[in-house]
Amino acid sequence: MAATNPYTINPVTAESLAAGLDGRDDALLSYDELAELLNHIQKYRLRRPQLVAKYGQILLSRFQSRLGEARAAVLREQILLAALDLHDMALMEEMDEELTAVFANSNRRLRLHAMREEVAFVDEGNCEDPEAMANGGAADSIYEGMIEENFSNLLARKREIALTRDRGEESAAIEKLVKFLEIFQNDGAGWMELGELYASRNNFEEAKFCYEELLTINPRDPAQPFHVCRYAEILYVWYGWVLVHARV
């Protein structure tokens, strides 16, 4: 993603910043160059795990004292998330342990630890084992504990729902989403997720209701044209389904 207007001649991108670092000796890379790249990726919420894992570790190892405790913790989180994408268990474990040493009981740290457990659960081949899938993994217990401690923990609830759906338990995921939306009624992503789950099960009337809620939450949402098109598709299929069954 460009940091400047996309129509300028030389927009700044993560790739252009990384090109200035590539091939050089790690010891010659400056703090400003490394920090600019990592800050750019974080600011624009880019998904560049290879760049974050490579240059984030260099920045952390060479300039930790200059970063300060707060910035170093944010960088460790950024590296851990990149390691999740790369399924780099060793790097995940290293960053998780370093964050635990500073923020042992932090909800944010616990959520990152649970995400690490999710990756470990998959990498250990548990997705091929029906019994293991039914029992879940350590991540489930962590999210349940976080929700018990804080009933309105938005992120823990979303991860719990995602895990349930990933296991193929669509009915349970729908139940969790319905309960979730009773609490967080203005969560657009939740309404869209629920609408798509209903549509996948041919429950078009329920899917229509979900998209109507989504359309009224934020009329100025940049994604509104997409939501309107999807709503129209659901109406088209639903009324066609109704007509076919009425003739039968």
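Computed from a predicted structure; not experimentally measured.

Rules used in this analysis
- Residues numbered from 1 in each chain as written.
- Predicted model: local features only at pLDDT ≥ 70, side-chain atom pairs only at ≥ 80, totals over all residues.
- Heavy atoms only, no water.
- Core = buried A, V, L, I, M, F, W, Y, C linked by side-chain atoms within 4.5 Å.
- Buried < 20%, exposed > 50% of the residue type's maximum accessible area, 1.4 Å probe, protein only.
- Helix = DSSP H or I, 4+ residues; strand = E, 2+ residues; numbered from the N terminus.
- Contact = heavy atoms within 4.5 Å.
- Salt bridge = Lys/Arg side-chain N within 4 Å of Asp/Glu carboxyl O.

**Some points on the nonpolar core**
Link 1 in the chain: Of all hydrophobic cores here, the largest spans 44 residues; its most connected members are Leu34, Leu37, Tyr55, Leu59 and Tyr143.
Link 2 in the chain: Those elements that place two or more of their residues in this core are α1 (14–19), α2 (31–43), α3 (49–86), α4 (89–102), α5 (107–123), α7 (138–149) and α8 (154–166).
Link 3 in the chain: For Leu34, the contacting residues outside a window of four places in its chain are Leu21, Leu29, Tyr55, Ile58, Leu59 and Phe63.
Link 4 in the chain: One finds Trp191, Tyr198, Cys210 and Trp238 within the second-largest nonpolar core, a separate group that totals 22 residues.

**A word on unusual backbone geometry**
Link 1 in the chain: Even without glycine at this site, His87 takes up a positive phi of about 55°.
Link 2 in the chain: With respect to the helices and strands, the residue His87 is situated in the loop between α3 and α4.
Link 3 in the chain: With phi around 65°, Asn202 is a residue other than glycine that occupies positive phi space.
Link 4 in the chain: Checked against the element boundaries, Asn202 lands in the loop between α10 (188–200) and α11 (204–217).
Link 5 in the chain: Overall, Asn202 belongs to the partly exposed group, its relative accessible area being 48%.

**Here we look at the pattern of salt bridges**
Link 1 in the chain: Here the structure, examined in full by the defined rule, presents 19 salt bridges.
Link 2 in the chain: Between Lys176 and Glu160 there is a salt bridge whose closest N-O contact spans 3.9 Å. Remark: Glu160 occurs in helix α8 and Lys176 occurs in helix α9 (residues 170–183); sequence separation between them is 16 residues.
Link 3 in the chain: Classification of Lys176 as partly exposed rests on a relative accessible area of 30%.
Link 4 in the chain: Here Glu233 and Arg230 are joined by a salt bridge, their closest N and O atoms 3.0 Å apart. Taken together, the residues span about one helical turn, with Glu233 and Arg230 both in helix α12 (residues 224–247) at a distance of 3 residues.
Link 5 in the chain: When its relative accessible area of 43% is taken as the criterion, Glu233 is described as partly exposed.
Link 6 in the chain: It is possible to trace a salt-bridge network through shared partners that takes in Asp96, Arg109 and Arg116.

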